[in-house]
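A structural walkthrough
Here's the letter readout for the chains.
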Amino acid sequence: MGGRIIEVHLNTLSRASSVKLLQNCSHKTLLEDDAVENLVSKCGNHPLSLKVIAGHLQSGFTVPEVASQLDRLPRQPEFSQRLQEMFTALPEQLQGILIKLSVFRTWFDAEAAADVIGCHRVDMKFELHYLKCRHLIEQDDWGQFTRSEPSRPSPQEARYSLHTLTRFFLQDNRTPPMAALYIQAEHNFVKLFWKRLEKIGKLAETNSLDALAQIDDNRVHLEQCLDLLIREGAVPDVSKTKRFHKQYSVCMTWELFLDISKRLKFCQNVAERALKQGNRRSYCFYKAMEAEQLVAKFQYGKAIQMLQKPFAILGELESVDQEEKNSMKLVKALLHYVKAHALGCMQKNGDALSEIKTSLQQCKSVSGNSYFAARLVNQQGAIYMNMGKYMESLDCHLNAYEILKKSAASDLLLDVPTYLMNIGTGYSEMGKDVRQQKPLEAIKHFEKAIDYYDRSLSTEKRLHMDEYIKTALTLKNKAMAYCHLHRLSEGLRMAEQSLTIRRKYLPQNPDVCRGLIFVAQIHYDMGREKQKSGDVGSVEEFQQAERYFGEAAEMEVSGRPDEGFPTVDYEALKHEYLDVLKRLCKNDELQRRKKIFMDFDRKVEKRSVSPRKQSESSQSEESTSGSSSNEEAEDEQQTHTEIKEESSRKKTRKEQLREASTKCSIA
């Protein structure tokens, strides 16, 4: 179900079940017992074999004729030969239909089959019934599993499929005329499911829950459609404003089911084909989307370099048609947006801000209240956050959220959890900014942050998108807000949940390392508080801190997929881990760890000083785009803040190290 192929291993049946299956499938319940026993025995009680034999009987073969063909088989019929006989017995028109149906990798209904075959839906139902009676296709009992969601098919909509063996047989036995029919079916298949993907993208802008349900149902078909489009097919057009938004919605939707490598390959191939066909506007659009995938893979410099040619091409394009001029503005806005994304990840915030402002200017002159516009405003907020301009950042994220609310009557939109989390992060950073001078105001900001984090998590759950990477990001930010409010136990629970999710989806990733440090720091602070009050439970807290610090230290100095560079929390880790060992009186371990850190520091110093692709100090693909899916790593700029009394005195070196890792994540 749900568009997924599930491999099921069929065991042999009992003799009684084999007889019943053969009689039911052949619709000949009056077969003589001896004849049935003979056929069942020759089939070895294997259900697939029995289905094939039933198809022969249904097609008009007599029991002796079928049995004579099975005499030389020990326990299993030769599927290829039997299928060849059944296929040859079909009328030529039905042979062509069966060949075209083999383009489906999984289920299909009468409507999809009619579009691929090129006939009326009513006629298609009769043909499918005929093929089903011959056991060349199977009908799924989909109605039993149908949910009560509007996007799900009703129980009356029958779904069919070809058995894998049948499909392989049809693919391996195509004559040149049959091969031509199959190619035509592929073209029709791409046309059908690209349209369906466009509709899902449009639906995602107003009701993402239904869109996600349709993606779940059509996942295999959609991936197959994109695979075919990579090889060949018409280049999607962006020459009009509506067409631009339609294609951008498609790109927004595929973030939910296609990994970055496949998205990158698709954009590369379509862009090259567009340039060969002289469709320069579509070329620029897909080069921008290709660069966006490179940013998600931390290849910022390469992404910026890739945008140079599209910028030059758009500068040469001229048009007298206003719609084409508007679409050109939107493509330019997309290019500037991606460049701002890359520059922001490289911490070139001034240049990034200039690019995103240009992008917004281009976009707002055409469509200022679109889904695309909301993402641009969200990106502007992320840049302001990097610059420490928290009020401006919060205003941008609130504005992005308002734009989405204007475009749909529901909060069940893909980007809403991200924008709500970003608003919470804005309030959290403002709280940190005023906590010394205005502690009561800071408390209000942190409480607002927690409220928005809760709304983000609740929306994720309603969209069935919870317990994934961005959930971990929101949970960690929420944990930080709790820690700022001195509610360490609640913060610890959130931090542990976040770490559990990251361990599941991002093993050996820098973000897992930072999550370990964060949990360790909470235990460390709880231990210090208990030690001050004379609570013997401080020892247990320090032991827990040692365990998490130790695991994080191992990831820092070896085996991390970040070119061997430390995270932004590394300095705080060193000082606090060594302090924990000192408090636990583990002097031998203390000296051993000191030596390991010194050796690692020397190695880091010898490495190139070139800009590192550090996920913690950059924005992720889902950060700047606002998507909530995606499968690679999400980037963050956060960890724990020391719980201590604030004063106006100059910060110590240790406090500076801890504050270097206190920035909340923005997405």
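Residues numbered from 1 in each chain as written. Predicted model: local features only at pLDDT ≥ 70, side-chain atom pairs only at ≥ 80, totals over all residues. Heavy atoms only, no water.

Focus on the overall build of the protein chain
So the rule is basically this: Strands here mean DSSP runs of E at least two residues long; helices mean DSSP runs of H or I at least four residues long; both are numbered from the N terminus. Exposed residues in this analysis have more than 50% of their type's maximum accessible area, buried residues have under 20%, and partly exposed residues fall in between, with area computed by a 1.4 Å probe over protein chains only. Note on definitions: a residue-residue contact is assigned when non-hydrogen atoms from the two residues lie within 4.5 Å. Using a 1.4 Å probe, the Shrake-Rupley method yields the accessible areas, and only the shown protein chains count as cover for residues.
The secondary structure content of the protein chain amounts to 30 helices and three strands. The proportion of buried residues among the 667 residues of the protein chain is 57%. Taking all contacts inside the protein chain whose residues are at least 6 apart in sequence as the whole, residues at least 24 apart take part in 73%. Total accessible area computed for the protein chain in this model is approximately 28,800 Å², and 50% of it derives from carbon and sulfur atoms.

Description of the packing of aromatic side chains
For clarity, the threshold we go by: Stacked, tilted and edge-to-face are the three classes assigned to paired rings of Phe, Tyr and Trp, where Trp is represented by its six-membered ring and a pair needs centres within 6.5 Å; plane angles under 30 degrees give stacked, over 60 edge-to-face, the rest tilted. Placement of a positive charge over a ring is assigned whenever Lys NZ or Arg CZ falls within 6 Å of the ring centre and within 35 degrees of the normal to the ring plane.
In the structure shown here, the tally under the stated rule is 22 aromatic pairs. When the centroid spacing of 4.6 Å and the interplanar angle of 45° are considered together, the rings of F189 and F193 count as tilted. Taken as a pair, F189 and F193 lie in helix 10 (residues 176-204) at a separation of four residues, close to a single helical turn. Residue F189 shares its accessibility class with F193, and that shared class is buried. Lying across the ring of Y130, R134 places its NZ or CZ 4.3 Å from the centre. The ring centre of Y548 lies 4.4 Å from the NZ or CZ of R547, which sits over that ring.

As for helix 11 (residues 208-231)
Three- or four-residue spacings in an α-helix give side chains the same orientation, since the helix completes a turn every 3.6 residues. Stated formally: Here the expected span of a helix is defined as 1.5 Å times the quantity of residues minus one. Note on bend: the value at a residue is the angle between axes fitted to the seven residues ending there and to the seven starting there.
End to end, helix 11 covers just 30 Å across 24 residues, shorter than the expected 34 Å (1.5 Å per residue, more than 12% under). In helix 11, a bend of some 75° at N218 exceeds every other bend along the element. Within helix 11, 18 of the 24 residues are buried, which leaves it mostly tucked inside the rest of the structure. Positive backbone phi, approximately 120°, marks G233, located one or two places after helix 11.

Quick word on the confidence of the model for the protein chain
Our working definition: Scored from 0 to 100, pLDDT reflects the predictor's confidence in each residue.
For the protein chain, per-residue confidence averages 82 on the pLDDT scale, and 81% of positions sit at 70 or higher. Segment residues 1-7: pLDDT under 50, and 19 contacts once partners within four positions in sequence are set aside and those in other chains are kept. Below pLDDT 50 for its whole length, residues 610-654 participates in 195 contacts with residues either more than four positions away or in separate chains.

Overview of unusual backbone geometry
With a phi close to 65°, Q347 is a non-glycine residue in the positive phi region. When you line up the elements, Q347 lands in the loop between helix 17 (322-345) and helix 18 (349-364). A positive phi is found at C585, a non-glycine position, where the angle reads about 60°. You can see C585 is positioned in the loop between helix 27 (570-583) and helix 28 (587-606).

Re the nonpolar core
Defined as follows: Buried Ala, Val, Leu, Ile, Met, Phe, Trp, Tyr and Cys residues that are joined via side-chain atoms within 4.5 Å together make up what is termed a nonpolar core.
Ranked by internal contacts, the top residues of the largest apolar core, which has 179 residues, are L101, W254, L334 and F372. In terms of residues, this core owes the most to one element, helix 17, which gives 12 residues.

As for the packing of helix 14 (residues 280-296) against helix 16 (residues 308-316)
Quick note on the threshold: Orientation is described by axes fitted as lines to C-alpha atoms, over the contacting stretch for helices, and by angles from 0 to 180 degrees between their N-to-C directions. Angles are sorted into four bins: roughly parallel if under 35 degrees, roughly antiparallel if over 145, roughly perpendicular if 65 to 115, and oblique for all others. Crossing handedness is defined as follows: a turn of the near helix away from the far one that is anticlockwise and smaller than a right angle gives a left-handed crossing, while the clockwise case is right-handed. Residues are grouped as follows: Ala, Val, Leu, Ile, Met, Phe, Trp, Tyr, Cys and Pro are nonpolar; Asp, Glu, Lys and Arg are charged; every other residue, Gly included, is polar.
Relative orientation of the contacting elements helix 14 and helix 16 amounts to 150°, with a least axis distance of 9 Å. One element, helix 14, and the other, helix 16, form an angle in the roughly antiparallel class. Where helix 14 crosses over helix 16, the handedness of that crossing is left-handed. Of the residues in helix 16, those touching helix 14 at R280, Y283, C284 and K287 are K309, P310, I313, L314 and E316. For the contact of helix 14 with helix 16, the residue count by class is five nonpolar, no polar and four charged.

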